[in-house]
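Listed here are the chains, written in short residue letters.
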Amino acid sequence: MDRALRVLEFDRVLAAIRERAVSEPGTSRVADLRPLPNATSARRALAAVDELKAILSSPAGWNLEAFPDLGRALRRLGIEDAWLDPADLIACGKVMAAGRTARGVAERLDPAGLPSRLVDRLWGDRALEEGIAATFDDAGGIADRASHELRRIRRAMTRARARLVAELTEFAGSLPERVRVPDASVTVRNGRYCIPVRREGKGIAGGLVHDASASRRTLFVEPPGAIEAMNGIRELELREDREVERILRDLASAVRRHAAELAASYAALVELDTLRARALFAREMESSPPAFVDPGAHGIRIRGARHPLLALSSAGAVPFDLDLSTDERVLLVSGPNAGGKTVFLKTLGLISALAQSGIVPPLRAGSRIPFFGRLFAVIGDEQSIAASLSTFGAQARNLAEILHEAGDRDLVLFDEIGSATDPAEGGALAAAALERLAAQACLTVATTHLGDLKRLGGDGAAVQASLAFDARRLEPTYRLVRDRPGRSYALVIAARLGVPEDVLAAARARLGPEHVSLDTLLARLEAERGEIEDLRTRLERRAQETEARERSLASRETAFADSERAATEQRERARRETLREARERVEAAIARLEFEYASGSETARRAAKRAARGEVEQALRDSARKLREVGETAPSVASAGPVLVGDVVRWSASDRPAKLVEVRGDRGVIEVGGLRLTVPLNDLRPHSGVAVSPEPRPSPEHPGDRGGSRPVLRVESQVDLRGLRAEEVDAALTPAIDSAVVGDLPWLRIIHGKGTGALRARVREIVSEDPRIRLFRTGEAGEGGSGVTVVEFE
């Protein structure tokens, strides 16, 4: 039986059912399902699955809570005075809760059915369940609320630890600076509170060394003054451990008093989980349980049978019907390769194996099948080099075993019987074996390509069948046709696959008259059934429907293209207008700056610089915002050629010629008017035939006004001020804020470190006075914490 289940891929079907279980024990139980010993047990299991399928299909449905494996906890409960760890106790509580909620379906069940009897075994103690839940926190640890003594001990520990940390912090601060570790804090090593000190400060700190850093330059020391306090904390920890153990023992004792009820409830839950998984599978398959009949006493009636794995796939499966009387004990299925014969054979085997295992197979209502005693299946190539068995040798060995062992209650499935040897001898052996099995086994189903076997059936015990094939398209239809053997289509398929016509003609000439006569008869039978015309009609109808859908799609595509083109044109117009406005504002700002440089005082020049910079920043921000609103980003200007340092270039935001003075990676620094700007190189192109006006020279009245004072704007998302003095912060921070505003950044990360707090205070003072900053905050843990200030712009 196990070998037959293996070749039928029975475990693959079980794997699909296992996915529908809610618990690990339920999953394992499904994996262990095998055919039951008698029809009564199988009927009871199928009825239970069908009853739960109806409940699951009802509007109210039925959900079963997931529950954990309780095996280890039940074994521990069987040991007197053994206490359970938190995981086991939590598992017990969850099983109680699952059993309690599952009992809600009881009133909807048939009192005489298996599900109702299982639900009656479910047990739960609400008070004990809540007691277990109150004992543990969300992480599975013992909660403070588990007992008053535990809460008192832990509060005392918290206070003692806080005092010790404060004392150690104060002691660490009193050490000479040369032995202290910067930004160090109290830590725990080997369960003891320690402070880090430099190795050379070991003698100054005193106490016990519990650990060292990887570089061995830092020691973790427990000072002498902390030892007694730490010993007190350790005593509290031991008291806590004893109280936790007492709590666990008390809970284990409370659960142990109901160990029998809990074990029975757990077993019932596992069985309900497997039944529910099978019911979900049956609902998805839209299956109905078959009726079992005694082998040989009633005929077989199969309706809407499908291979379960194919039915679950996206392609689906073609269902088949089959009727056999009590005298029809051999079914021979023929037809072309890849026509579905092996799938048909496996489907018959799986229908029987699943039904006898308490799993509703993919069948429609009204199906009737025997409850077979054993199942024999020979499917696939079982040749073995190690056992010196060829393909035919392995087949002959399996045939011998079946002929010796198969009885009148057994099902025999044989794929390609008599193949892999001389067709005449193989056909003769197969015919003789099938005649023997017709009298010996309950039902034998075999597939074949052999012409001699297609003539069997004169005595009424053997029935011929085939799987329909579309000869024009050379495609199988997978429809089962009874009382008609199938053509092999070997020469037709060979021609389709490129075998030369002269070879095919020679092959046809070698065919005997009996083969030609049988093939002609089968072809005429196919024509009489009108299958080809029926298929052509359906294909033409589908082609018309497809053509109509294609016309509809083409019309929609045209309308969509027109709409997209109009939207693109509108975005382009908006983009050009936005860039024109930005260019005019930048030009005006530069012109004002040049005027002030030529004629204004030093004070006026500085004011002009600030105003020009602000105007450029605002123009760029407005431009970027408007481009985002129309779904565009600032375009790159295609260069007519590479630009080099010293070249006269044109910037996309201004028609005014500029000078490229520096290249920094993919960005360039340009001088335009009185400003230095850092812009993407892709926004620059050569400005042929135009020279840059000489930059303003410092006048005798204003000797300090030099070109080097022009602002250089470089956009960065963070600025690092560590190492600066407080009075140096303005010079570094203000340009960074200016650049971030120009680059339209949403925020800026300012790194000032922790230290004494002087840099942080100066940074907060500067950003609080800047109207462009909407808010500022201390960095979060992933951003640098208190050593970072993050500002967000308007």
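Residue positions within a chain follow its written sequence, with the count starting from 1. The model is predicted, so local features are restricted to residues of pLDDT at least 70 and side-chain atom pairs to those at 80 or more, both for listing and for counting; the totals for chains, interfaces and linings are taken over all residues. With hydrogens and water excluded, all non-hydrogen atoms of the structure serve as input to the side-chain values.

Caption draft 1: Representation of the overall build of the chain in the model. Each helix is a run of H or I in the DSSP string that is no shorter than four residues. Each strand is a run of E no shorter than two, and both are numbered from the N terminus. Looking only at helices and strands, the chain features 23 helices and 24 strands. By residue count, 43% of the 794 residues in the chain fall in the buried class. Expressed as a percentage of contacts within the chain between residues at least 6 apart in sequence, the contacts between residues at least 24 apart total 68%. Using the Shrake-Rupley algorithm and a 1.4 Å probe, accessible areas are obtained, with residue cover drawn only from the displayed protein chains. Accessible surface for the chain amounts to roughly 40,600 Å². Of this, 51% is attributable to carbon and sulfur atoms. Remark: exposure states derive from per-residue accessible area (1.4 Å probe, protein chains only) relative to the maximum for the residue type, with buried under 20%, exposed over 50%, and partly exposed in between. The contact rule is simple, with two residues in contact once any of their heavy atoms fall within 4.5 Å.

Caption draft 2: Spatial organisation of the sheet that holds strand S24 (residues 788-793). Here, strands pair whenever DSSP counts at least two bridges between them. Spatial strand order, S21-S22-S24-S23: four strands in an open sheet with mixed pairing. In the strand order of this sheet, the two ends are held by strand S21 (718-720) and strand S23 (773-778), each with one partner. Strand-to-strand twist in this sheet, taken as the mean axis angle between neighbours without regard to direction, amounts to 20°. One ladder, built from five bridges, connects S23 with S24; its direction is antiparallel. Looking across to S24, one finds that Leu 775 is bridged to Glu 792. A fitted line through C-alpha atoms represents every axis, and for helices the fit uses only the stretch in contact; the resulting angles, taken between N-to-C directions, go from 0 to 180 degrees. Packing against the sheet, helix H23 (residues 758-769) makes contact with strand S22 (747-751), S23 and S24, and its axis sits at approximately 160° to S23.

Caption draft 3: Broad picture of the sheet that holds strand S2 (residues 192-198). Spatial strand order, S1-S2-S4-S3: four strands in an open sheet with antiparallel pairing. Edge positions in the sheet fall to strand S1 (187-189) and strand S3 (208-212), since each of these pairs with one other strand and no more. Sheet twist, expressed as the average angle between the axes of neighbouring strands with direction ignored, equals 50°. Sitting on the sheet, helix H11 (residues 224-256) touches S2, S3 and strand S4 (218-222), and the angle it makes with S2 is about 155°.

Caption draft 4: Highlighting the pairing of strand S13 (residues 462-470). With nine of nine residues buried, S13 is to be regarded as a mostly interior element. With five bridges connecting them, strand S8 (residues 330-334) and S13 associate as parallel partners. Across the sheet, Leu 331 pairs through a bridge with Val 463, a residue of S13. Pairing of S13 with strand S14 (residues 475-482), which is carried by five bridges, proceeds in the antiparallel orientation.

Caption draft 5: Just the confidence of the model for the chain, in detail. Values of pLDDT, which run from 0 to 100, indicate the predictor's confidence residue by residue. Scored by pLDDT, the chain comes out at a mean of 82, with 82% of its residues at no less than 70. Low pLDDT, under 50, characterises residues 633-639; the stretch is placed with 15 contacts to residues that sit more than four places away or in other chains. A low-confidence stretch, residues 689-711 stays under pLDDT 50, and its non-local contacts, those more than four residues away or across chains, total 36 contacts.

Caption draft 6: Structural view of the pattern of salt bridges. Salt bridge, as used here: a side-chain nitrogen of Lys or Arg that lies within 4 Å of a carboxyl oxygen of Asp or Glu. A complete count under the given rule lists 39 salt bridges for this structure. In this structure, Glu 129 and Arg 100 form a salt bridge, with 2.6 Å as the shortest nitrogen-oxygen distance. Linking Glu 129 in helix H8 (residues 126-135) with Arg 100 in helix H6 (residues 86-102), this pair joins segments that are 29 residues apart in sequence. A salt bridge links Arg 154 to Asp 144; the nearest nitrogen and oxygen atoms lie 2.6 Å apart. Highlighted residues: Arg 154 in helix H9 (residues 148-174) and Asp 144 in the loop between H8 and H9, separated in sequence by ten residues.

Caption draft 7: Structural context of the pairing of S22. Relative to S22, S21 runs parallel, the two being bridged by three bridges. Of the residues in S22, the one forming a bridge with Gln 718 is Arg 749. Here five bridges tie S22 to S24, and the two strands are oriented antiparallel to one another. The partner of Leu 748 across the bridge, within S24, is Val 791.

Caption draft 8: Seen up close, helix H3 (residues 24-31). For H3, every residue scored as buried is listed here: Pro 25, Gly 26, Thr 27 and Val 30. For H3, the secondary structure elements touched by its buried residues are helix H2 (10-18) and helix H12 (259-285). Between the side-chain oxygen at the start of H3 and the backbone nitrogen of Gly 26 there is a gap of 2.9 Å, and the oxygen is on Ser 23. For this analysis, a polar contact is any N or O atom pair within 3.5 Å, provided that within protein one partner can donate a hydrogen and the other can accept it, and provided that sequence-adjacent residues contribute only side-chain to side-chain pairs.

Caption draft 9: Seen up close, the nonpolar core. Buried Ala, Val, Leu, Ile, Met, Phe, Trp, Tyr and Cys residues that are joined via side-chain atoms within 4.5 Å together make up what is termed a nonpolar core. Trp 62, Val 255, Leu 262, Ile 302, Leu 322 and Phe 344 are the most contacted members of the largest nonpolar core, which totals 101 residues. Among the elements that take part in this core, H12 stands out by supplying 13 residues, more than any other. Val 330, Phe 414, Ala 438 and Ala 461 belong to the second-largest nonpolar core, a separate cluster that totals 23 residues.

Caption draft 10: Representation of the packing of aromatic side chains within the structure. Planes of paired rings set the category: under 30 degrees apart is stacked, over 60 is edge-to-face and the rest tilted, where pairs are Phe, Tyr or Trp rings (Trp by its six-membered ring) whose centres lie within 6.5 Å. Within the structure shown, the criterion is met by three aromatic pairs. Measuring from ring centre to ring centre gives 6.3 Å for Phe 67 and Tyr 266, while their planes differ by 85°; the resulting arrangement is edge-to-face. With Phe 67 in the loop between helix H4 (39-57) and helix H5 (71-77) and Tyr 266 in helix H12, this residue pair connects regions lying 199 residues apart in the sequence. Exposure class is identical for Phe 67 and Tyr 266. Each is buried. Ring geometry for Phe 292 and Phe 371: centres 5.2 Å apart, planes at 80°, overall edge-to-face. Of this pair, Phe 292 sits in strand S5 (residues 291-293) while Phe 371 sits in the loop between strand S9 (368-370) and strand S10 (375-378), placing them 79 residues apart in sequence. With a relative accessible area of 7%, Phe 292 lands in the buried category. Among the residues examined, Phe 371 registers a relative accessible area of 7% and is labelled buried. Just above the ring of Phe 220 sits the side chain of Arg 189; from NZ or CZ to the centre is 4.0 Å. By definition here, charges over rings are those cases where NZ of Lys or CZ of Arg is within 6 Å of the ring centre and within 35 degrees of the ring normal.

Caption draft 11: How the structure looks around the environment of Asp 50. Here Asp 50 lies in helix H4. When the C-alpha atoms of Asp 50 and Arg 283 are compared, they prove to be 8.9 Å apart, with 233 residues separating the residues in sequence.

Caption draft 12: Representation of the side chain of Glu 129 in the model. Judged by relative accessible area, Glu 129 falls into the buried class, the value being 11%. Other than its neighbours up to four places away in sequence, Glu 129 contacts Gly 93, Met 96, Ala 97 and Arg 100.

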